[in-house]
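Structural overview for review
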Amino acid sequence: MSEATIRYGIIGTGMMGCEHIRNLAQLPGAEVKAIADPHEASRVQAQQAYEERGSVAVFADYREMLTQSPLDAVIIASPNHTHAEVLDPVFNSGLHVMVEKPMCTTLADCRSVAERAARHPGVFWVGLEYRYMATVAAFLDKLKEGAVGDLKMLFIREHRFPFLPKVGDWNRFNRNTGGTLVEKCCHFFDLMNLAMGCEPVRVFASGAQDVNHLDESYDGETPDILDNAFVIVDYENGARGCLDLCMFAEGSRYEQELVATGDGGKLECTVPGSELITCTRQYRDWASQPIPADPRVLHTGFHHGASYLEHVEFMEAVRTGTPARVTAQDGVRSALIGLAAHRSIEEGRVVTLSELNTAP
Ligand SMILES: NC(=O)c1ccc[n+]([C@@H]2O[C@H](COP(=O)([O-])OP(=O)(O)OC[C@H]3O[C@@H](n4cnc5c(N)ncnc54)[C@H](O)[C@@H]3O)[C@@H](O)[C@H]2O)c1
């Protein structure tokens, strides 16, 4: 593809689809050529998001977009439970693809999508962009450099506001999202997996829907989505991760806090935030290192520039044929921990990843 303009089609133009459009509008060499969404208001919103850059072909059905628009790449930002179905004709098209997280909502879909992705001639990329946030990227780099010695514990806290309203209220039900620990927390399990650099082996979780959405009703049905949990993940090297999720914590100073502790010290960062705190056991002291914004970022957007950098690297993979940095395997592993955590909560027991991996 060398330096030719990359022509994008966007499938699903609600909140995140439009976020992709705004990022692509600022990315040199990218052009959004077409959008597809069954919901009229979302189609209008997408055209408004791109109006500064020119007109786009508009479709209600993404299958028509795939057959009628000349494209190089598609971004899938439809609801979680539609990803596997939407991916089917996208795989057939041979186009490069970025699919939003979670890659899929069920074990069976994760498996079949990973299997198709392995044979896909184009780039296949999962939208797990937290690793591109400047402080998070610096945190992961420092861990790799051995800043804490041998990593033993990784703690990730997300304390934030409740789920926002979505088109058709799809995110109010586990059957559509995969469950909060898949939908939202695949981001954090992806970071855990990256930091640990080895496979998760078992999960123990406790969680519930205690506060949010209990007074809402959709066609007579009350939402069933969990709003708080602790999830402990054991890794094959003996290190452990812990997620602390609370979604009735509006006004928290930080939305996310990451703390890694090893036999040599401790490393901390926050989101939002622009510093790393390194503690050394040897000197019983700590130091702060400022983390500047990445100068490549031309659009900060909702995710502190992470979505922009994700697009920069996706485009590079499309142009150069280098492998995706966020792979189908990353998509599977991050979703599987969430699925295991939900099973652990439902059944009140430790769930091994091997029991999921070997399930029929
Ligand atoms: N990476 C991130 O940080 C991040 C953040 C938010 C959302 N997301 C993900 O992005 C996806 C969309 O979430 P959202 O917040 O934009 O939801 P949304 O409800 O705002 O938008 C979803 C859009 O998809 C459309 N849609 C539904 N079925 C479709 C289909 N078959 N084909 C095409 N379009 C279809 C809907 O009409 C709607 O406009 C989800 O997978 C979500 O998990 C990722």
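Residues numbered from 1 in each chain as written. Predicted model: local features only at pLDDT ≥ 70, side-chain atom pairs only at ≥ 80, totals over all residues. Heavy atoms only, no water.

Things to note about unusual backbone geometry
- The peptide bond linking Lys-101 to Pro-102 adopts the cis configuration, its omega dihedral lying at -20°.
- Mapping Pro-102 onto the fold places it in the loop between β5 (96–100) and α5 (107–119).
- Phi at His-213 is positive, roughly 65°, even though this residue is not glycine.
- Along the polypeptide, His-213 turns up in the loop between β8 (200–208) and β9 (228–235).
- His-213 sits in the buried class, given a relative accessible area of 7%.
- Of note in the backbone geometry, Arg-284 takes a positive phi value of approximately 50° without being a glycine.
- With respect to the secondary-structure elements, Arg-284 resides in the loop between β13 (275–280) and β14 (285–290). (Helix = DSSP H or I, 4+ residues; strand = E, 2+ residues; numbered from the N terminus. Buried < 20%, exposed > 50% of the residue type's maximum accessible area, 1.4 Å probe, protein only.)

Details of the environment of Gln-329
- Here Gln-329 shows up in helix α11 (residues 328–347).
- Taking C-alpha positions, Gln-329 is 9.9 Å from Val-113, a pair spaced 216 residues apart along the chain.

Remarks on the sheet that holds strand β1 (residues 6–11)
- Strand order across the open sheet formed by 6 strands is β3-β2-β1-β4-β5-β6, with parallel pairing between neighbours. Taken across any chain shown, the strands that pair with only one partner, and hence form the sheet edges, are β3 (57–59) and β6 (124–127). Looking at each pair of strands side by side, their axes are set apart by 25° on average, direction ignored.
- Sheet analysis places strand β4 (residues 73–76) next to β5, joined by 4 bridges and oriented parallel. Each residue of the ladder has a partner; that of Val-74, found in β5, is Val-97. (Pairing = 2+ DSSP bridges. Axes fitted to C-alpha atoms, helices over the stretch in contact; angles between N-to-C directions.)

Side note on the domain arrangement of the protein
- By domain assignment, the protein separates into domain 1 (6–129 + 309–325) and domain 2 (131–295 + 333–357).
- A separation of 25 Å is found between the C-alpha centroids of domain 1 and domain 2.
- Across the boundary between the two partners, domain 1 contributes 22 residues, which contact 23 residues of domain 2.
- The tally of links between domain 1 and domain 2 comes to 1 salt bridge.
- Close ionic contact of Glu-183 with Lys-101 constitutes a salt bridge, the shortest N to O distance being 3.4 Å.
- Our enumeration of links across domain 1 and domain 2 arrives at 10 residue pairs in polar contact (both at pLDDT 80 or more).
- Those elements that place two or more of their residues in the side of domain 1 that touches domain 2 are α5, β6 and α10 (306–320).
- Split by residue class, the side of domain 1 that touches domain 2 holds 9 nonpolar, 7 polar and 6 charged. (Domains from an automatic or database assignment. Contact = heavy atoms within 4.5 Å. Salt bridge = Lys/Arg side-chain N within 4 Å of Asp/Glu carboxyl O. Polar contact = N/O pair within 3.5 Å; in protein donor to acceptor, adjacent residues only side chain to side chain. Nonpolar A, V, L, I, M, F, W, Y, C, P; charged D, E, K, R; others polar.)

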